Structures are given as C-alpha cells and as structure tokens.
Amino acid sequence: MKENKKEKMKKKMFIRVLVWFVFVVIIMTLTVVGINLHIVIKEKSKILSLEEAAKFQADCIIVLGAGIRDDGSPTWMLEDRIKIGDKLYQNHAADKIIMSGDHGRENHDEVNTMKNYAIGEGIPSEDIFMDHAGFETYDSLYRARDIFGAKKVIIVTQEYHLYRALYIADRLGMEACGVTSDLRFYSKKMVYWKFREYLARVKSFVKCIAQPEPKYLGDTIDLSVSGDVTNDKE
C-alpha cells in the first residue's frame, strides 16, 4: 500500500512538472512569435524599392556587414548589399555611404573590403565612411546616430534581416527606410539563418527597451567631411 502511494505521488509530481514545462514552452513560443509579428508588421511599410528610396533624401545610406571569405573577398550576401548601396548612391538617394561591419581583428576586416568594392564600382572614396565597430546591427545603428550624426537613413540588407534593422533605427529615434538586397539564392542555410533571426529579434526588442551604449563609441565624425578620415590603411 505504501509503495502504491509513493508511486501515485511520483506520478502526480511528474504530471505537475510536465504541465508547468508545457505551459512555460507555450508562453515562450507565443512571446517569440508575438514579438516577431510586431516587428515585421510595424516595419513592413518602410521597405521601399530603389526608385522609392531615391526620393527619401536621407543623410546617408547604411550598408550592414555580412562576413568575408578567408581570402578577404565579400560573401555573396555582403556583395549584394554593397551593390544595392552603390545603386542608391548613383540614384542620388544620399550622397554619403556608411559601410558598417566587423573589424575587430586585423585578419577580419569587413569594412575595408566593403569600401574597396564600392570604389571599384565607381563610388568616390571621400563619400564612403567606414564604421569599424559595427559588430552587430544594434551597434551599427547606434553608432550611425551618435558617431556620424545620422538622423535620416536608408538601410541596406537582406529582407529577413531588414525588419529588425528598421525596428532598431525606429526605437533609436531615427527616421529610416530600407531597401532589400536579395539578388540571388544564397545557401541552404537560409532556413537556419531565418530561425536564428527570430531569436535575434527578441534580443533586439529587449535591447531597444534598455538602450545600452555599444562597447565602442569614440569621437564624432561629421558626414560633411571626407569619408577618408575613417581610413586606417594607406
């Protein structure tokens, strides 16, 4: 009899734990889905075509980093972002470009790769600024506002990432629109990247409430001067 009671107690305890576990999982899932829907719905109307963005008359175009290969060349994603940024410049959407990416290590230099590629497409060096500490999307936009003084911006990245970038800009008090740079099929890993982006949106949602400073800020740089002031190589 005592053993039966113990077994019944164990079963009840297991059922309670299981119910709480399922409840927590459901709440977490609904939270993630809710935040993602909120961000996408809120920012969808700010995604424009190249022609529409040319009428926006922004302070600058922000091209977000997306990795480089071992040989220093841009990944397909990054290459397409640069191309769209260059087209916006050529369409007179803005007369300055900020290339914002990860240059945290000497052998990992996204921003010089980005600038050199754009120069190769005919963009004047003096109109291209490099943000060497754009380690994540939040940092890139925070620094665009506080270091470069950008208030009205056009953001360039792939669509799945653009909603979050626009949301961060909005929460930081910037007037922003975005142009997608999906020019090709990138990888079978897109499913994984999009899943990771769902979680990244939740992280950014929370971060935009607290609005901490990025790890690196520094002296302000006026967009009216030459972008070559951000050069770190001769």
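The rules we used
Residues numbered from 1 in each chain as written. Predicted model: local features only at pLDDT ≥ 70, side-chain atom pairs only at ≥ 80, totals over all residues. Heavy atoms only, no water. Helix = DSSP H or I, 4+ residues; strand = E, 2+ residues; numbered from the N terminus. Contact = heavy atoms within 4.5 Å. Salt bridge = Lys/Arg side-chain N within 4 Å of Asp/Glu carboxyl O. Buried < 20%, exposed > 50% of the residue type's maximum accessible area, 1.4 Å probe, protein only. Pairing = 2+ DSSP bridges. Axes fitted to C-alpha atoms, helices over the stretch in contact; angles between N-to-C directions. Parallel < 35°, antiparallel > 145°, perpendicular 65-115°, else oblique. Left-handed = near helix turned anticlockwise from the far one by under 90°. Nonpolar A, V, L, I, M, F, W, Y, C, P; charged D, E, K, R; others polar. Right-handed = clockwise from strand over helix to strand, strands pointing away. Patch = residues over 30% accessible without salt bridge, like charges linked within 9 Å, V, L, I, M, F, W, Y side chains within 5 Å. Areas by Shrake-Rupley, 256 points an atom, 1.4 Å probe, with all protein chains shown as cover. Lys, Arg positive; Asp, Glu negative; His and termini not counted. Charge placed at Lys NZ, Arg CZ, Asp CG, Glu CD. Core = buried A, V, L, I, M, F, W, Y, C linked by side-chain atoms within 4.5 Å.

Caption draft 1: Main features of the environment of Lys10. Note on placement: Lys10 falls in helix 1 (residues 2–43). Between the alpha carbons of Lys10 and Ala53 there is a distance of 63 Å; along the sequence they are 43 residues apart.

Caption draft 2: Highlighting the environment of Asp170. With respect to the helices and strands, Asp170 occurs in helix 6 (residues 159–171). C-alpha of Asp170 to C-alpha of Arg184: the two residues are 14 residues apart in sequence and 28 Å apart in space. Contacts of Asp170, omitting those with residues within four sequence positions, involve Lys42, Glu43 and Lys46.

Caption draft 3: Representation of the pattern of salt bridges within the structure. As enumerated under the stated definition, the model contains 14 salt bridges in all. Between Glu43 and Lys46 there is a salt bridge; the shortest N-O distance is 3.1 Å. For Glu43, a relative accessible area of 0% translates into the label buried. We classify Lys46 as partly exposed; its relative accessible area is 23%.

Caption draft 4: Expanded view of the sheet that holds strand 2 (residues 97–100). An order of 3-2-1-4-5 is seen for the five strands of this open sheet, with the pairing classed as parallel. Each of the sheet's edge strands pairs with one partner strand only, and the pair in question is strand 3 (128–131) and strand 5 (175–180). Geometrically, the sheet is characterised by an average inter-axis angle of 25° between neighbouring strands, direction not taken into account. Pairing of strand 4 (residues 152–157) with strand 5, which is carried by six bridges, proceeds in the parallel orientation. What sits directly across from Val156, in strand 5, is Val179. Sitting on the sheet, helix 6 touches strand 1 (60–64), strand 4 and strand 5, and the angle it makes with strand 5 is about 175°.

Caption draft 5: Molecular detail of the packing of helix 5 (residues 137–146) against helix 6. Where helix 5 contacts helix 6, the two axes come as close as 9 Å, and the packing angle between them is 40°. When the interaxial angle is binned, helix 5 and helix 6 end up oblique. Judged by the twist between their axes, the crossing of helix 5 over helix 6 is right-handed. When helix 5 is examined against helix 6, the residues Thr137, Tyr138 and Leu141 are found in contact with a partner set consisting of His161, Arg164, Ala165, Ile168 and Ala169. For the contact of helix 5 with helix 6, the per-class residue count stands at five nonpolar, two polar and one charged.

Caption draft 6: Representation of the pairing of strand 1. Where burial is concerned, most of strand 1 is hidden: five out of the five residues are buried. Of the two faces of strand 1, both are covered, the one formed by Cys60, Ile62 and Leu64 as well as the one formed by Ile61 and Val63. Relative to strand 4, strand 1 runs parallel, the two being bridged by four bridges. Among the inter-strand pairings, Cys60 is bridged to a residue of strand 4, identified as Val153. Pairing between strand 1 and strand 2: four bridges, direction parallel. In the sheet register, Leu64 faces strand 2, and the bridge partner there is Ser100. What joins strand 1 to strand 2 is helix 3 (residues 76–90), and the crossover it makes is right-handed.

Caption draft 7: Here's a closer look at a positive patch on the surface. Among the surface-exposed residues, Lys8, Lys11, Lys12 and Arg16 lie close enough to one another that they form a single positively charged patch. Note that Arg16 resides in helix 1.

Caption draft 8: Representation of the nonpolar core in the model. Within the largest apolar cluster, 29 residues are counted, with the highest numbers of intra-cluster contacts made by Ile62, Ile98, Leu141, Val153 and Ile155. Those elements that provide at least two residues to this core are helix 1, strand 1, helix 5, strand 4, helix 6 and helix 7 (190–210). For this core, the element with the highest residue contribution is helix 6, accounting for seven residues. Setting aside residues no more than four positions away along its own chain, Ile62 makes contact with Ile98, Leu141, Ala144, Val153, Ile154, Ile155 and Val156. Among the nonpolar cores identified, the runner-up in size contains 25 residues, and Phe56, Tyr89, Met114 and Ile128 belong to it.

Any functional reading would require information that these geometric values do not contain.
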